[in-house]
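Given next are the chains, with one letter for each unit.
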Amino acid sequence: MTRRSNTGTWLVPTLLGSAAALGASALYAASKTREAEQRTPPIGDFIMVEGVRLHYVERGRGEPLVLIHGNGTMIQDFLVSGIVDDLAKRYRVIIIDRPGYGYSDRPRGIWTPRAHATLFQKALQQLGVTQAVVLGHSWGTLVAVALALQAPQLVRSLVLASGYYYPTLRADVILASPPAIPVIGDVLRYTVSPVVGRLLLPGMIKGMFAPAEVPERFDREFPKDMMLRPLQLRASAEDAAMMTPVTVELQKHYRDLTLPVVIIAGADDQIADVGRQSERLHRELPGSEFIVVPGMGHMIHHLAPDDVITAIDHASESARRKGVPRAA
């Protein structure tokens, strides 16, 4: 009886304390989400595609150019990099928040690169785009490749920046995946994950740019708090968990890419190993162009914007030389 009584004296308070801590974390997460969205309201327009509301921005006029962001980021990743200001002088630049990021919805489902590509294809059709140069960064390269495979008539040429194309064992994927788990992940995303994420985020961002320093403009202008909202945490975790499995399927089809492809990466990328990823893809696609920027890390569009702009122009010009007409 004594043991049972002693157990009760600490178990109930512990459970109550844990519940109170989770409740406080949930209130904190909700408050920070509201603050983040107040500071960073939608900057573009919305389009409904297959029941999914997508947020997008357009800049400039000319040949359509679609930019697809990576894991954890959003439209502002390209805007803050500065490349859009230059590209909009001669391209119709279209940037879409991928499902679950920024202000785009993400219904429950299996969001593979091919699922993203199907949604993007229909969105671009609604926007009157019949042909485009497509750039994908990081996880976005998988979407760009899937789009080119599924809709070759739509994608005029590809630019693949800092991509991940072949399955590897990644500790960061394992660590980032728990918020994607149904029920348990939901509890984490609305309580503990935003708090922990706020502590870990500076180090994660530093790693994305390493060995280079985080650019002052990115640090000042990119809405980092938006990355810690529950929906975006789920999207990021689901994408992280999906990385290795989807490359197992996609890698079987890389040689089906017959359009012009420009691959660009930082030589010292610490997120996606250049030799095992970008360089290997270049070897598999004999007609591709490969640009390696010395001393640069994963966020190549921030660290070497002129090289990324050159890659885009090369991709467009290569398509022209190949006889692919430009669409208005």
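Up top you'll find the structure we're talking about.
Residues numbered from 1 in each chain as written. Predicted model: local features only at pLDDT ≥ 70, side-chain atom pairs only at ≥ 80, totals over all residues. Heavy atoms only, no water.

1. A short note on the overall build of the protein
For step 1, the next point in the chain: Across its full length, the protein carries 13 helices and 8 strands.
For step 2, the next point in the chain: Out of the 328 residues in the protein, the part that is buried amounts to 52%.
For step 3, the next point in the chain: In the protein, 80% of the contacts between residues at least 6 apart in sequence involve partners at least 24 apart.
For step 4, the next point in the chain: Surface summary for the protein: the accessible area is close to 14,600 Å², and the carbon and sulfur share equals 59%. (Helix = DSSP H or I, 4+ residues; strand = E, 2+ residues; numbered from the N terminus. Buried < 20%, exposed > 50% of the residue type's maximum accessible area, 1.4 Å probe, protein only. Contact = heavy atoms within 4.5 Å. Areas by Shrake-Rupley, 256 points an atom, 1.4 Å probe, with all protein chains shown as cover.)

2. Let's talk about helix 5 (residues 139-150)
For step 1, the next point in the chain: End to end, helix 5 covers 17 Å across 12 residues, agreeing with the expected 16 Å (1.5 Å per residue, within 8%).
For step 2, the next point in the chain: Along helix 5, 11 of the 12 residues are buried, which leaves the element largely enclosed by surrounding structure.
For step 3, the next point in the chain: Close packing links the buried residues of helix 5 with strand 3 (63-68), helix 4 (113-126), strand 5 (132-137), strand 6 (155-161) and helix 10 (230-250). (Expected span 1.5 Å × (residues − 1).)

3. Side note on the packing of helix 5 against helix 10
For step 1, the next point in the chain: The interhelical angle for the contact between helix 5 and helix 10, taken along N-to-C directions, is 40 degrees, at an axis separation of 11 Å. Accordingly, the angle class assigned to the pair helix 5 and helix 10 is oblique. Like other packed secondary-structure pairs, helix 5 and helix 10 cross with a definite hand, here left-handed. Taken together, the residues of helix 10 that come into contact with helix 5 (itself represented by Trp139, Leu142 and Leu149) are Asp239, Met242, Met243, Val246, Thr247 and Leu250. (Axes fitted to C-alpha atoms, helices over the stretch in contact; angles between N-to-C directions. Parallel < 35°, antiparallel > 145°, perpendicular 65-115°, else oblique. Left-handed = near helix turned anticlockwise from the far one by under 90°.)

4. Quick notes on the packing of aromatic side chains
In this description, a pair of aromatic rings is defined by centroid distance and the angle of the planes.
For step 1, the next point in the chain: Tallied over the full model, the rule gives 4 aromatic pairs.
For step 2, the next point in the chain: For the pair Tyr166 and Tyr254, a centre-to-centre distance of 5.6 Å together with 85 degrees between the ring planes defines the contact as edge-to-face. Taken together, the residues span a long stretch of sequence, with Tyr166 in the loop between strand 6 and helix 6 (171-176) and Tyr254 in the loop between helix 10 and strand 7 (261-266) at a distance of 88 residues.
For step 3, the next point in the chain: Centre to centre, the rings of Phe218 and Phe222 are 4.7 Å apart; their planes meet at 10 degrees, and the pair counts as stacked. Comparing Phe218 with Phe222 shows no difference in burial state: the two are buried.
For step 4, the next point in the chain: Among the aromatic residues, those joined into a ring-pair cluster are Tyr165, Tyr166 and Tyr254. (Phe/Tyr/Trp six-rings, centres within 6.5 Å; stacked < 30°, edge-to-face > 60°.)

5. Remarks on the pattern of salt bridges
For step 1, the next point in the chain: Counted according to the given criterion, the structure contains 20 salt bridges.
For step 2, the next point in the chain: Its salt-bridge partner being Arg39, residue Asp225 comes within 2.3 Å of it at the nearest N-O pair. With Asp225 in the loop between helix 9 (216-221) and helix 10 and Arg39 in helix 1 (residues 2-39), this pair connects stretches of sequence that are 186 residues apart.
For step 3, the next point in the chain: Residue classification places Asp225 among the partly exposed residues on the basis of a relative accessible area of 26%.
For step 4, the next point in the chain: With its nearest N and O atoms 3.0 Å apart, the salt bridge here joins Arg90 to Asp313. (Salt bridge = Lys/Arg side-chain N within 4 Å of Asp/Glu carboxyl O.)

6. Here we look at the sheet that holds strand 5
For step 1, the next point in the chain: One open sheet holds the 8 strands; their spatial order is 1-2-4-3-5-6-7-8, and the pairing between them is mixed. One side of each edge strand has no neighbouring strand; the edge strands of this open sheet are strand 1 (45-49) and strand 8 (289-293). Neighbour to neighbour, the strand axes of the sheet diverge by 25 degrees on average, direction disregarded. (Pairing = 2+ DSSP bridges.)

7. Thoughts on unusual backbone geometry
For step 1, the next point in the chain: Cis geometry marks the peptide bond from Ala210 to Pro211, where omega comes out at 10 degrees.
For step 2, the next point in the chain: Along the chain, Pro211 turns up in the loop between helix 8 (192-209) and helix 9.
For step 3, the next point in the chain: Phi at Glu50 is positive, roughly 55 degrees, even though this residue is not glycine.
For step 4, the next point in the chain: Positionally, Glu50 belongs in the loop between strand 1 and strand 2 (52-59).

8. What to know about the side chain of His302
For step 1, the next point in the chain: The residue His302 is located in helix 12 (residues 300-303) in this model.
For step 2, the next point in the chain: Among residues more than four places away in sequence, those in contact with His302 are Asp77, Val80, Ser81, Phe209, Pro215 and Phe218.

9. Points about a nonpolar patch on the surface
For step 1, the next point in the chain: A cluster of nonpolar side chains, Val196, Leu199, Leu200 and Met204, forms an exposed patch at the surface whose accessible area comes to about 410 Å².
For step 2, the next point in the chain: Considering the arrangement of structural elements, one finds Leu200 in helix 8. (Patch = residues over 30% accessible without salt bridge, like charges linked within 9 Å, V, L, I, M, F, W, Y side chains within 5 Å.)

10. Concerning the environment of Gly207
For step 1, the next point in the chain: Within the secondary structure, Gly207 sits in helix 8.
For step 2, the next point in the chain: Among the residues examined, Gly207 registers a relative accessible area of 24% and is labelled partly exposed.
For step 3, the next point in the chain: Distance from Gly207 to Gln270, taken between C-alpha atoms, is 7.0 Å for residues 63 residues apart in sequence.
For step 4, the next point in the chain: For Gly207, the contacting residues outside a window of four places in its chain are Gln270 and Ile271.

11. Considering the packing of helix 4 against helix 5
For step 1, the next point in the chain: Where helix 4 contacts helix 5, the two axes come as close as 8 Å, and the packing angle between them is 65 degrees. As helix 4 runs across helix 5, the sense of the crossing is right-handed. Counted together, Pro113, Arg114, His116, Ala117, Thr118, Gln121 and Leu124 of helix 4 and Trp139, Leu142, Val143, Ala146, Leu147, Leu149 and Gln150 of helix 5 form the full contact between these two elements.
For step 2, the next point in the chain: Its residues assigned to classes, the contact of helix 4 with helix 5 shows 9 nonpolar, 4 polar and 1 charged. (Nonpolar A, V, L, I, M, F, W, Y, C, P; charged D, E, K, R; others polar.)

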